[in-house]
Amino acid sequence: MSIQNLLTDLLETANDQKASDIHFMLEEGSIGVRFRVGSAMKAHASLTPTTYRQLLSYIRFHASLTLEHPLQPQSGMIKISAGENLLNARVSIIPTYRFHSLVLRIINPKGRRSLEEIPLFSQNAYTLKEMASTQAGLILISGPTGSGKTTTAYGLLQYLRDLGRTACSIEDPVEYDIDMVQLEINKATGLTYDVGIKEILRHDPDVIVIGEIRDAATAMQAIRASLTGHLVISTVHSKNVVGTIHRMLDLGVAPQELEQALVGVANQRLIKAKAGYKALFELCFGADLDEMLSSGYTEKRYRTLEEEYDLWEKTAS
């Protein structure tokens with residue numbers, strides 16, 4: 001089997017099994033291939049070290065990763081055509097003491113969902129739309145890796161575009177290819193989140209989507225953009241709404257600026273429901289957000305994820 005066919009087979013199989021990631025793990029004398037399905041890691045196959053090195057080289061080339069610095073962590077996107085299907089995967093390569101660790105995040109171009117399809121509880125879709133109805137401000141979507149943050153961000157984006165609002169995004173990498181201005185982070189050319197946001201502002205969009213706020217410079221640019229008449233939607237890694245607020249403060253955002261800019265926070269988790277995976281939300285918006293901000297980021301007068309889960313269990317039983 002050729003390396004191209006091997007990669008195509010892995011991506012197709014992972015997609016068929018609803019896997020979110022493909023992990024390549026060092027084992028005794030071989031490289032194990034495992035699929036992450038939900039929270040479980042499922043063994044799939046083993047590769048010889050020689051085949052694995054060939055696969056790495058193939059992925060580096062087709063993901064346009066540089067070969068000049070093989071000992072540095074690298075990330076990118078690879079796209080493989082399989083018949084009528086286009087298979088996308090986000091690439092992460094980290095050199096370790098014994099081998100180059102590879103993880104592929106499966107990106108299904110058809111995996112975009114409307115706001116009505118994402119939440120477990122329909123009223124959450126209504127609240128998300130209320131958040132997005134504001135003309136300017138910052139909406140933060142938080143949760144752990146694999147919780148569906150990007151899908152929710154794109155659901156909000158599609159809702160706003162249907163209302164006729166213009167939009168631009170900056171991502172690392174671009175996960176869903178749609179007909180709007182989309183910038184992709186490229187450190188080799190100096191296009192960082194910080195620089196990209198400044199360039200996007202010159203395009204006069206109504207809505208700006210930032211793939212992830214992960215450093216102080218990006219956090220400050222997101223705040224400034226939201227305070228100058230733009231609606232900014234971004235994702236943050238945190239376990240709950242209060243943690244999302246503290247994450248922004250840890251990145252150097254002044255409390256007064258955050259209170260002026262923040263429109264709402266949606267913290268989410270994915271659970272397996274009868275109709276496939278759905279998102280449980282902890283939503284803090286409007287009066288609930290005002291109370292939490294005025295109380296020093298501790299008040300919880302809104303329904304938490306734990307309360308949402310308890311309600312779901314009662315409904316399901």
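Provided above is the structure to which this section pertains.
Note that the coordinates shown come from a computational prediction; the quantities given were computed from them, not determined experimentally.

Helices and strands together make up the secondary structure of the protein chain, namely ten helices and 13 strands. Whereas a compact globule of 317 residues would reach a radius of gyration of roughly 20 Å, the protein chain reaches 20 Å, a difference of no more than 12%. For the protein chain, the spread of C-alpha atoms along the three principal axes comes to 60 × 50 × 40 Å. Expressed as a percentage of the 317 residues in the protein chain, the buried residues total 48%.

As enumerated under the stated definition, the model contains three aromatic pairs in all. Ring plane angle 35 degrees and centroid distance 5.9 Å describe the contact between Y52 and F99, whose orientation is recorded as tilted. Of the two residues, Y52 sits in helix α2 (residues 49–62) while F99 sits in the loop between β5 (85–95) and β6 (100–107), which places them 47 residues apart along the sequence. F99 gets classed as buried once you look at its relative accessible area, which sits at 16%. With a centroid separation of 5.0 Å and an interplanar angle of 75 degrees, the aromatic rings of Y154 and Y176 are classed as edge-to-face. Of this pair, Y154 sits in helix α4 (residues 149–162) while Y176 is found in the loop between β8 (167–171) and β9 (181–184), placing the two residues 22 residues apart along the sequence. Classification of Y176 by relative accessible area gives buried; the value is 8%. Each member of the aromatic cluster is reached from another via a ring pair, and the members are F24, Y52 and F99.

A word on the pattern of salt bridges. Tallying each qualifying case throughout the model produces eight salt bridges. Here R161 and D179 are joined by a salt bridge, their closest N and O atoms 3.1 Å apart. Here R161, found in helix α4, pairs with D179, found in the loop between β8 and β9; they are 18 residues apart in sequence, far enough to count as distant. On the basis of relative accessibility, which here comes to 66%, the residue D179 falls in the exposed class.

Right, let's talk about the environment of I141 for a bit. Take I141: it is sitting in strand β7 (residues 137–142). Through-space distance from the C-alpha of I141 to that of L231 is 13 Å; in sequence the pair is 90 residues apart. If sequence neighbours within four positions are ignored, I141 has contacts with K149, T152, A153, L156, I233, S234, T235, V236, A266 and Q268.

Within the sequence span of helix α3 (residues 122–132), burial applies to N124, A125, T127, L128, M131 and A132. The buried side chains of α3 occupy one side of the element, clustering within an arc of 165 degrees when seen end-on. Opposite the packed face of α3, turned more than 90 degrees from it, sit the exposed residues S122 and Y126.

Let us look at the packing of helix α1 (residues 3–16) against α2. Packing of α1 against α2 leaves a shortest axis separation of 10 Å and a crossing angle of 85 degrees. By the angle class used here, α1 and α2 are roughly perpendicular. Between α1 and α2, the residues in contact are I3, Q4, L6 and L7 and T51, Q54, L55, Y58 and I59, respectively. Here the residues of the contact of α1 with α2 sort into six nonpolar, three polar and no charged.

Close contact between helix α5 (residues 193–201) and helix α6 (residues 216–226) brings their axes to 8 Å; oriented N to C, the two are set at 20 degrees. Of the possible angle classes, the one that applies to α5 and α6 is roughly parallel. Relative to α6, the crossing made by α5 is left-handed. On α6, the residues touching Y193, D194, I197, K198 and L201 of α5 are A217, T218, Q221, A222 and A225. Grouping the constituent residues of the contact of α5 with α6 by class yields six nonpolar, two polar and two charged.

Time to look at the sheet that holds β7. The strands making up a sheet associate through hydrogen bonds between their backbones, and the pairing can be parallel or antiparallel. Pairing is mixed in the open sheet, where seven strands are placed in the order β9-β8-β10-β11-β7-β12-β13. Looking along the sheet, the strands with just one partner apiece sit at the ends: β9 and β13 (276–285). Strand-to-strand twist in this sheet, taken as the mean axis angle between neighbours without regard to direction, amounts to 20 degrees. Judged from the four bridges that link them, β8 and strand β10 (residues 207–210) form a sheet pairing that is parallel. The residue bridging A167 from the neighbouring strand is V207, located in β10. Packed on one face of the sheet, helix α9 (residues 287–294) meets β12 (262–273) and β13 and runs near 60 degrees to β13.

So, how was this worked out
Residues take numbers from 1 onward in each chain, read along the sequence in its written order. The model is predicted, so local features are restricted to residues of pLDDT at least 70 and side-chain atom pairs to those at 80 or more, both for listing and for counting; the totals for chains, interfaces and linings are taken over all residues. Heavy atoms throughout the structure, all of them, feed into the side-chain values; hydrogens and water do not. Every helix listed is a DSSP run of H or I at least four residues long, and every strand listed is a run of E at least two residues long, numbered separately from the N terminus. With C-alpha atoms as the basis for the radius of gyration, the globule rule is written as 2.2 Å multiplied by the number of residues raised to the power 0.38. Burial classes: relative accessible area under 20% of the type maximum marks a residue as buried, over 50% as exposed, and values in between as partly exposed (1.4 Å probe, protein chains only). Side-chain rings of Phe, Tyr and Trp (the six-membered ring for Trp) are treated as a pair once their centres are within 6.5 Å; stacked means planes under 30 degrees apart, edge-to-face means over 60, and tilted covers the remaining angles. Should a side-chain nitrogen of Lys or Arg be within 4 Å of a carboxyl oxygen of Asp or Glu, the pair is scored as a salt bridge. In what follows, a contact means two residues having at least one pair of non-hydrogen atoms within 4.5 Å. Think of the arc as the fan of directions from the helix axis to the C-beta atoms. Here, axes are lines fitted to C-alpha atoms. For helices the fit covers the stretch in contact, and angles between N-to-C directions go from 0 to 180 degrees. Orientation is classified from the angle alone, with under 35 degrees giving roughly parallel, over 145 giving roughly antiparallel, 65 to 115 giving roughly perpendicular, and any other angle giving oblique. Note on residue classes: Ala, Val, Leu, Ile, Met, Phe, Trp, Tyr, Cys and Pro are nonpolar, Asp, Glu, Lys and Arg are charged, and everything else, Gly too, is polar. Throughout, a crossing is termed right-handed when the near helix is turned clockwise from the far one, and left-handed when it is turned anticlockwise from it by less than a right angle. Strands are treated as partners if at least two bridges between them are detected by DSSP.

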